[in-house]
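A closer look at the structure
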Amino acid sequence: MLYLFGLSVAMFLLVLILLKKDKSRPDYVLMVWIGVIVFHLVLFLMHHYGTIYEYPHLLGVGLPLPILHGVLLYWYTVALITGQRLRAGKMLLHLSPFLLLAVLALPFYLLSGSEKVEVFRNRGRGFEWYIIIQDVLIVVSGLTYSVAAIVQIRKHRQRILDRWSNVDKKMLRWLEFLAAGLAIIWMLSVFFADSVIFGAVSLFVLLMGFFGINQYPVFYSATIPAREPSAPSPVENPVEDQPKYSRSRLEDDEAGQVMARLENVMATKKPFTNPDLTLGDLAELVDVSPNDLSQVINTLGGKTFYHYINTHRIRELLRLASLPESRRFTYLGLAHQCGFTSKTTFNKYFKLETGKTPSAHFEEKQPQRQKQ
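Since this is a predicted model, take the numbers as computed values, not measurements.

Tracing the sequence through the fold places Arg157 in helix α7 (residues 128–161). Take Arg157: its relative accessible area is 11%, and that puts it in the buried class. With near-sequence residues (within four places) excluded, Arg157 lies in contact with Met171, Leu172, Arg173 and Glu176.

What follows is about helix α8 (residues 173–191). Look at α8: 28 Å from first C-alpha to last across 19 residues, which is about the 27 Å you get at 1.5 Å a residue. Buried within α8 are the following residues: Trp174, Leu175, Glu176, Leu178, Ala179, Leu182, Ala183, Ile185 and Trp186.

Where helix α10 (residues 252–268) meets helix α12 (residues 290–299), the axes come as close as 10 Å, and the angle between the chain directions of the two elements is 90 degrees. Classified by the angle between their axes, α10 and α12 sit roughly perpendicular to one another. For the pair α10 and α12, the contacting residues are Ala255, Val258, Met259 and Leu262 in the first and Leu293, Val296 and Ile297 in the second. In terms of residue class, the contact of α10 with α12 is made up of 7 nonpolar, no polar and no charged.

Glancing now at the environment of Leu318. Looking at the secondary structure, you find Leu318 in helix α13 (residues 305–321). Judged by relative accessible area, which is 26%, Leu318 ranks as partly exposed. Along the backbone, Leu318 and Phe362 are 44 residues apart, and their C-alpha atoms lie at a distance of 9.9 Å. With near-sequence residues (within four places) excluded, Leu318 lies in contact with Phe350, Thr354 and His361.

Cut-offs and rules
- Residues numbered from 1 in each chain as written.
- Predicted model: local features only at pLDDT ≥ 70, side-chain atom pairs only at ≥ 80, totals over all residues.
- Heavy atoms only, no water.
- Helix = DSSP H or I, 4+ residues; strand = E, 2+ residues; numbered from the N terminus.
- Buried < 20%, exposed > 50% of the residue type's maximum accessible area, 1.4 Å probe, protein only.
- Contact = heavy atoms within 4.5 Å.
- Expected span 1.5 Å × (residues − 1).
- Axes fitted to C-alpha atoms, helices over the stretch in contact; angles between N-to-C directions.
- Parallel < 35°, antiparallel > 145°, perpendicular 65-115°, else oblique.
- Nonpolar A, V, L, I, M, F, W, Y, C, P; charged D, E, K, R; others polar.

Encoded structure:
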């Protein structure tokens with residue numbers, strides 16, 4: 001029953017992504033991946049119920065398929081983060097384990113239908129060598145690509161903390177969770193039979209649908225803020241391999257002057273109240289390059305751009321909260337005025353700045369304040 005439910009959900013997700021308007025490059029990668037999942041689940045169910053033996057030409061078709069899941073996860077991650085397409089040479093390199101398994105399976109594919117049935121019913125007798133190679137490649141490739149996807153997500157997360165003031169919908173924690181879940185499936189494949197593995201795959205599909213529909217506009221059309229033009233590419237851009245501020249030539253005196261201008265802008269123009277403020281926006285106000293501004297914030301401020309902006313938001317909130325006319329607002333209402341869009345982020349930085357939760361602080365300072 002779980003397998004059928006997993007297949008039904010996968011087919012539903014495939015229909016959603018097929019019907020999605022204005023599909024982007026990541027959408028097409030995801031569409032292919034879900035299509036592979038659907039096909040793989042169909043083949044497993046045919047094996048599970050024994051109907052596959054009525055169509056012996058389908059036996060063995062799924063032998064190299066597990067390799068594709070890790071590869072497509074990684075491609076989807078790269079496409080989602082950078083919006084870029086992998087070059088043909090790199091794509092071929094990533095597909096080499098899949099192609100190797102397909103080529104090695106040729107002796108089996110050339111068998112007659114009855115011979116294929118005999119091999120499968122005897123648990124691969126005569127092809128034990130292939131099963132060993134297949135198991136090793138699937139586990140090694142799957143774990144490698146799952147880890148590679150997680151690494152890309154964490155690098156992306158660090159980059160956006162230096163360029164965006166609101167990253168709640170850009171952290172890709174849901175995708176990191178899926179990558180970890182896929183890694184667990186690869187490890188299960190070492191110890192358990194297909195019935196357990198495909199049960200885990202069915203649960204994985206449910207999680208994919210839940211995260212895609214509830215946390216990010218993956219399966220439906222929506223307006224998503226474009227990646228900041230000045231943001232470097234995490235995969236293809238060779239600048240990433242250079243020292244972080246290799247293009248910045250700020251001397252100490254110049255850095256101090258930029259910091260002074262920055263603090264003046266923050267105090268007078270309060271750009272942090274814009275929830276979508278970016279490093280580029282702030283650099284324009286300070287009249288300095290984004291790279292130089294990032295260097296100043298990181299080195300003299302000792303913070304990422306994200307941390308720096310949220311610190312100023314908390315300080316402004318505390319200032320507003322001290323004004324008598326602000327007592328008619330809840331502290332979450334004030335937080336929104338100061339640029340916060342997430343209660344979780346607000347609570348986190350409030351405690352970092354004051355050492356207390358908002359509730360504890362306002363109960364102590366202003367017990368008459370309305371709570372939300």
